[in-house]
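Coordinate inspection notes
Okay, here's what each chain looks like letter by letter:
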Amino acid sequence: EAQVTQNPRYLITVTGKKLTVTCSQNMNHEYMSWYRQDPGLGLRQIYYSMNVEVTDKGDVPEGYKVSRKEKRNFPLILESPSPNQTSLYFCASSLGLAGALTFGAGSRLTVL
Amino acid sequence: DQQVKQNSPSLSVQEGRISILNCDYTNSMFDYFLWYKKYPAEGPTFLISISSIKDKNEDGRFTVFLNKSAKHLSLHIVPSQPGDSAVYFCAASGGTSYGKLTFGQGTILTVHP
């Protein structure tokens, strides 16, 4: 089944404890992206990648890092999480830049 | 600065009637627009898209209209069904960075039986 898989789905952590949210797609998509969803703000893009080793900032990249060493994986790294990074995170991928995105099911992160 | 705005947080419609969801944008460089639907506890799913070279795109019960001069797009659902109840997001891309996709805040659609 074609899908985008994120892990963990739920995580409660404490301020400053590094964490990684993994994202993997099995559709051989070139484009991958991370979003966060917050009430009243919709979905905001954190980082995106147009291919292996090619990443760029979205609208809210502060406090996040990404890497794209393989085509299928695009992990989101929070080096020192803070409470304002408590959010619902979505990873997505598409075949091309204008392609319709396939989203993962989401990862709900709480930083205490 | 919210470049894509959905000014109606919610919309309630009777089954069988038309649902019209609206979206406004400010960036004149946007040239590709998409609508996504999101159910609780799931990721958004792609619904329909439109390029700026068109003013209408239709897919079954869903039609998207684009008014470039007004920087406005709308999604029409006819006839509306209870299963259409979800959050609807519009999104836009274009300009100097095609990798960036900007979403609106979302509109909660409720279709009553």
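Just above, that's the structure.
Presented here is an overview of the structure given in this document.

With that settled, consider the pairing of strand β6 (residues 54–57) of chain A. All names here are of chain A. In this sheet, β6 lies alongside strand β5 (residues 42–51) in antiparallel orientation, the contact comprising 4 bridges. Note that in β6 the partner of N51 across the bridge is V54. Between β5 and β6, which pair antiparallel in sequence order, lie 2 residues; one of them, E53, sits at a positive phi of approximately 65°.

Strand pairing in a sheet takes place through backbone hydrogen bonds and is either antiparallel or parallel in direction. One open sheet accounts for 5 strands, arranged β1-β3-β8-β7-β6 (chain B); its pairing is antiparallel. This sheet does not close on itself; its edge strands, each paired only once, are β1 (4–5) and β6 (56–59) of chain B.

Right, let's talk about the packing of aromatic side chains for a bit. Aromatic ring pairs are described here by two measures, namely the spacing of the ring centres and the angle between the planes. In total, this model carries 12 aromatic pairs over all chains according to the counting rule given. Between Y64 of chain A and Y89 of chain A, the aromatic rings sit 5.8 Å apart at their centres with planes inclined by 65°, giving edge-to-face as the arrangement. Remark: Y89 of chain A occurs in strand β9 (residues 87–94) and Y64 of chain A occurs in the loop between β6 and β7 (65–66); sequence separation between them is 25 residues. Neither Y64 of chain A nor Y89 of chain A differs from the other in exposure class; each is buried. These aromatic residues form a ring-pair network of at least three members: Y35, F90 and F103 of chain A together with Y36, F46, F89 and F103 of chain B.

What follows concerns the state of the cysteines. All names here are of chain A. Summed over the entire model, instances satisfying the criterion amount to 2 disulfides over all chains. Covalently, C23 is tied to C91 through a disulfide, its sulfur atoms 1.9 Å apart. Disulfide C23 to C91: torsion about the S-S bond roughly -75°, handedness left-handed. On the criterion of sequence distance, the pair formed by C23 in strand β3 (residues 19–25) and C91 in strand β9 is long-range, its members being 68 residues apart. A single burial state applies to C23 and to C91, both of which are buried.

The subject of this paragraph is the interface of chain A and chain B. Facing the 21 residues of chain A at the interface are 20 residues of chain B. Of the roughly 1,600 Å² buried where chain A meets chain B, counting both sides, 57% is carbon and sulfur surface. Summed over the shared surface of chain A and chain B, the number is 1 salt bridge. Notably, a salt bridge pairs D59 of chain A with K100 of chain B, separated by 3.1 Å at the nearest N-O pair. The element best represented in the side of chain A that touches chain B is β5 of chain A, accounting for 4 residues. Considered class by class, the residues forming the side of chain A that touches chain B number 12 nonpolar, 6 polar and 3 charged.

Turning next to the nonpolar core. F33, W35, L73, L75 and Y88 of chain B are the most contacted members of the largest nonpolar core, which has 23 residues in total. Put simply, the parts of the chain that give this core at least two residues each are β3 (19–25), β4 (30–38), β5 (45–51), β7 (62–67), β8 (72–77), β9 (86–94) and β11 (107–112) of chain B. No other element matches β9 of chain B, which puts 4 residues into this core. Core analysis: the second largest hydrophobic core is formed by 19 residues, V4, Y64, V66 and L109 of chain A among them.

Residue placement: D84 of chain B occurs in the loop between β8 and β9. Overall, D84 of chain B belongs to the buried group, its relative accessible area being 2%.

What counts and what doesn't
- Residues numbered from 1 in each chain as written.
- Chains lettered and ligands numbered in written order.
- Predicted model: local features only at pLDDT ≥ 70, side-chain atom pairs only at ≥ 80, totals over all residues.
- Heavy atoms only, no water.
- Pairing = 2+ DSSP bridges.
- Helix = DSSP H or I, 4+ residues; strand = E, 2+ residues; numbered from the N terminus.
- Phe/Tyr/Trp six-rings, centres within 6.5 Å; stacked < 30°, edge-to-face > 60°.
- Buried < 20%, exposed > 50% of the residue type's maximum accessible area, 1.4 Å probe, protein only.
- Disulfide = S-S within 2.5 Å.
- Contact = heavy atoms within 4.5 Å.
- Buried area = accessible area lost by both parts, 1.4 Å probe.
- Salt bridge = Lys/Arg side-chain N within 4 Å of Asp/Glu carboxyl O.
- Nonpolar A, V, L, I, M, F, W, Y, C, P; charged D, E, K, R; others polar.
- Core = buried A, V, L, I, M, F, W, Y, C linked by side-chain atoms within 4.5 Å.

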